[in-house]
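Geometric and topological summary
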Amino acid sequence: MDEAKPFCIPKRAVWEAYKRVRANHGAAGADGQSISEFEQDLSNNLFKLWNRLSSGSYFPPPVRRVEIPKDNGEGVRPLGIPTVSDRIAQTVVKEYLEPQLDACFHPDSYGYRPGRSAKEALGMARQRCWRYDWVLELDIRAFFDNLDHALMLKALRHHTDCAWVLLYVERWLKAPVQLQDGSLAARDKGTPQGGVVSPLMSNLFLHYVFDRWMQTHYPDVPFERYADDGICHCKTLAQAQQLRAALEARFAECHLELHPQKTRVVYCKDDDRRGTYPDHSFDFLGYTFRPRRSKNRWGKFFISFTPAVSNKAATAMRQTLRSWALHNRSDKSLADVARMFNPVVQGWINYFATFYKSALYPTLRHLDLVLARWAARKYKKLRGHLRRARHWLARVAQTRPGLFAHWRLVQPTAG
């Protein structure tokens with residue numbers, strides 16, 4: 001019986017957690033075990049995991065560290081990959097805690113929350129940039145690496161006295177990291193990006209460090225926060241500068257640091273704001289906010305401070321196109337290529353065509369150039385004739401406009 005164990009964790013909770021982990025796929029952890037290998041002895045593996053969780057004898061294995069290039073090309077971002085069983089255990093805790101914590105979170109906290117999205121944060125930021133002249137762009141230096149364990153557990157105890165939740169969260173915070181050479185490194189601060197429970201814990205941490213603090217000390221300054229990315233909207237330059245100094249002190253109090261160069265005051269310049277200030281653009285969630293030429297409902301042009309896909313995001317998309325190595329796929333048909341890559345392209349459109357979609361068009365047209373080069377290699381009649389291949393692709397797009405996800409937005413050009 002489940003109730004005979006020290007901790008009452010239903011077997012059903014472990015089963016549901018496994019199904020969520022399976023749906024998310026994910027790489028193998030430090031033990032090298034894949035999800036398919038875990039499933040070869042599924043019932044036994046799940047029972048052993050439940051037994052250890054319920055008895056208090058579960059100790060998280062080391063987290064495997066991998067490094068991925070940052071979007072801005074400046075260094076690498078360390079990710080922590082838990083084992084399959086540990087992802088299931090973390091999901092059990094997350095599913096127990098999330099409904100309680102999420103109900104307390106600030107309405108302008110958007111990251112990694114059910115029913116919230118980055119597009120909502122962007123839409124709210126756009127509206128507020130029209131109403132407030134100044135933005136304070138926040139950048140927390142190495143937030144996930146420096147999160148204070150004692151403060152994290154203090155915040156968690158404020159919301160739950162569930163013994164097994166507190167026990168396992170503390171063990172996850174302290175679990176060692178397996179480095180790329182196989183050695184283990186102890187951890188006395190931080191939470192690994194890539195862990196299932198890490199986003200929830202980091203949101204709880206910043207709820208007290210930032211969200212609640214802003215509500216108390218600056219109730220008239222609205223903000224949007226997505227995980228550790230945030231912007232604040234101020235009425236005057238003096239208010240923005242004073243807020244920056246206050247937040248630097250607040251984050252230092254919580255053993256965190258605002259990046260001195262990347263934390264900036266930005267002027268939301270448009271037709272009605274004619275003053276000058278050195279910084280009049282900022283990046284947020286893959287978009288660049290800056291003055292742009294826009295058209296009103298009567299067809300008149302004006303300058304609006306508004307978001308569009310950032311140069312960093314566009315560069316990352318082109319790098320993805322290169323990684324597909326279409327020049328090596330001449331064995332595929334055009335329909336095969338469309339099936340392979342449409343989900344990715346549609347994802348780009350769904351996100352980056354939300355605001356000022358014309359800024360996305362050059363990247364989508366570049367995809368057509370890549371497709372034309374592929375056709376020029378594949379078909380003898382087009383070989384060595386890129387312009388002829390572009391004409392051919394344009395004719396295909398006219399007869400089959402739904403073949404590629406982006407063709408309903410941008411038709412290939414023949415030139």
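Here is a short report on the structure shown in this document.

Here is what the cut-offs are and how they apply
- Residues numbered from 1 in each chain as written.
- Predicted model: local features only at pLDDT ≥ 70, side-chain atom pairs only at ≥ 80, totals over all residues.
- Heavy atoms only, no water.
- Phe/Tyr/Trp six-rings, centres within 6.5 Å; stacked < 30°, edge-to-face > 60°.
- Helix = DSSP H or I, 4+ residues; strand = E, 2+ residues; numbered from the N terminus.
- Buried < 20%, exposed > 50% of the residue type's maximum accessible area, 1.4 Å probe, protein only.
- Pairing = 2+ DSSP bridges.
- Axes fitted to C-alpha atoms, helices over the stretch in contact; angles between N-to-C directions.
- Contact = heavy atoms within 4.5 Å.
- Expected span 1.5 Å × (residues − 1).
- Parallel < 35°, antiparallel > 145°, perpendicular 65-115°, else oblique.
- Left-handed = near helix turned anticlockwise from the far one by under 90°.
- Nonpolar A, V, L, I, M, F, W, Y, C, P; charged D, E, K, R; others polar.
- Core = buried A, V, L, I, M, F, W, Y, C linked by side-chain atoms within 4.5 Å.
- Disulfide = S-S within 2.5 Å.

Time to look at the packing of aromatic side chains. Within the structure shown, the criterion is met by 24 aromatic pairs. Aromatic pair Trp15 and Tyr18: ring centres 5.3 Å apart, planes at 40 degrees, arrangement tilted. Of the two residues, Trp15 and Tyr18 both sit in helix H1 (residues 11-24), 3 residues apart, roughly one turn of that helix. With relative accessibility at 7%, the residue Tyr18 sits in the buried group. Between Tyr112 and Tyr226, the aromatic rings sit 5.7 Å apart at their centres with planes inclined by 55 degrees, giving tilted as the arrangement.

Right, let's get into the sheet that holds strand E10 (residues 287-295). The 3 strands are arranged E9-E10-E11 in an open sheet whose pairing can be described as antiparallel. Only two strands of the sheet have a single partner each, and these edge strands are strand E9 (282-284) and strand E11 (301-309). Geometrically, the sheet is characterised by an average inter-axis angle of 50 degrees between neighbouring strands, direction not taken into account. Note that E9 and E10 share 3 bridges and pair antiparallel. From the neighbouring strand, Asp283 faces E10, where its bridge partner is Thr288. In the packing of helix H5 (residues 118-131) onto the sheet, the strands contacted are E9, E10 and E11, and the crossing angle to E11 comes to about 150 degrees.

A separate point is the sheet that holds strand E7 (residues 229-234). Pairing between sheet strands relies on hydrogen bonds along the backbone, with the strands arranged either parallel or antiparallel. One open sheet accounts for 4 strands, arranged E6-E7-E3-E8; its pairing is antiparallel. Of all strands in the sheet, those with a lone pairing partner are strand E6 (223-226) and strand E8 (264-267), marking the two edges. Put simply, the sheet's adjacent strands are angled 20 degrees from each other on average, direction ignored. In this fold H5 packs onto strand E3 (134-139), E6 and E7, with an angle of close to 160 degrees to the strand it touches most, E6. In the packing of helix H9 (residues 198-217) onto the sheet, the strands contacted are E3, E6 and E7, and the crossing angle to E6 comes to about 175 degrees.

Another point: helix H14 (residues 386-399). Here H14 spans 20 Å end to end across 14 residues, near enough to the 20 Å set by a 1.5 Å rise per residue. Of the residues making up H14, those classed as buried are Ala389, Trp392, Leu393, Ala394, Val396 and Ala397. In this structure, the buried residues of H14 make contact with helix H12 (334-352) and helix H13 (361-378).

The next thing to look at is the packing of helix H3 (residues 42-55) against helix H4 (residues 84-102). Closest axis-to-axis distance for the H3/H4 pair is 11 Å, and the angle between their directions is 50 degrees. The angle between H3 and H4 places the two elements in the oblique class. The two elements H3 and H4 meet at a crossing, and its hand is right-handed. Residues Leu46, Leu49 and Leu53 of H3 touch H4, and the partners they reach there are Ser85, Ile88 and Ala89. Within the contact of H3 with H4, the residues separate by chemical class into 5 nonpolar, 1 polar and no charged.

Ile88, Met214, Cys232 and Leu247 are the most contacted members of the largest nonpolar core, which totals 66 residues. If you tally residues by element for this core, the top one is H9, at 9 residues. Contacts of Leu247, omitting those with residues within four sequence positions, involve Leu136, Leu138, Phe210, Trp213, Met214, Cys232 and Leu258. Within the second largest apolar cluster, 56 residues are counted, among which are Val135, Ala353, Val396 and Val410.

Quick look at the state of the cysteines now. Evaluated as defined, the whole model comprises 0 disulfides. The structure places no disulfide on Cys162, whose sulfur is separated from the nearest cysteine sulfur, that of Cys8, by 9.6 Å. In this model Cys268 remains outside any disulfide bridge; the closest cysteine sulfur is found in Cys129, 4.1 Å from its own.

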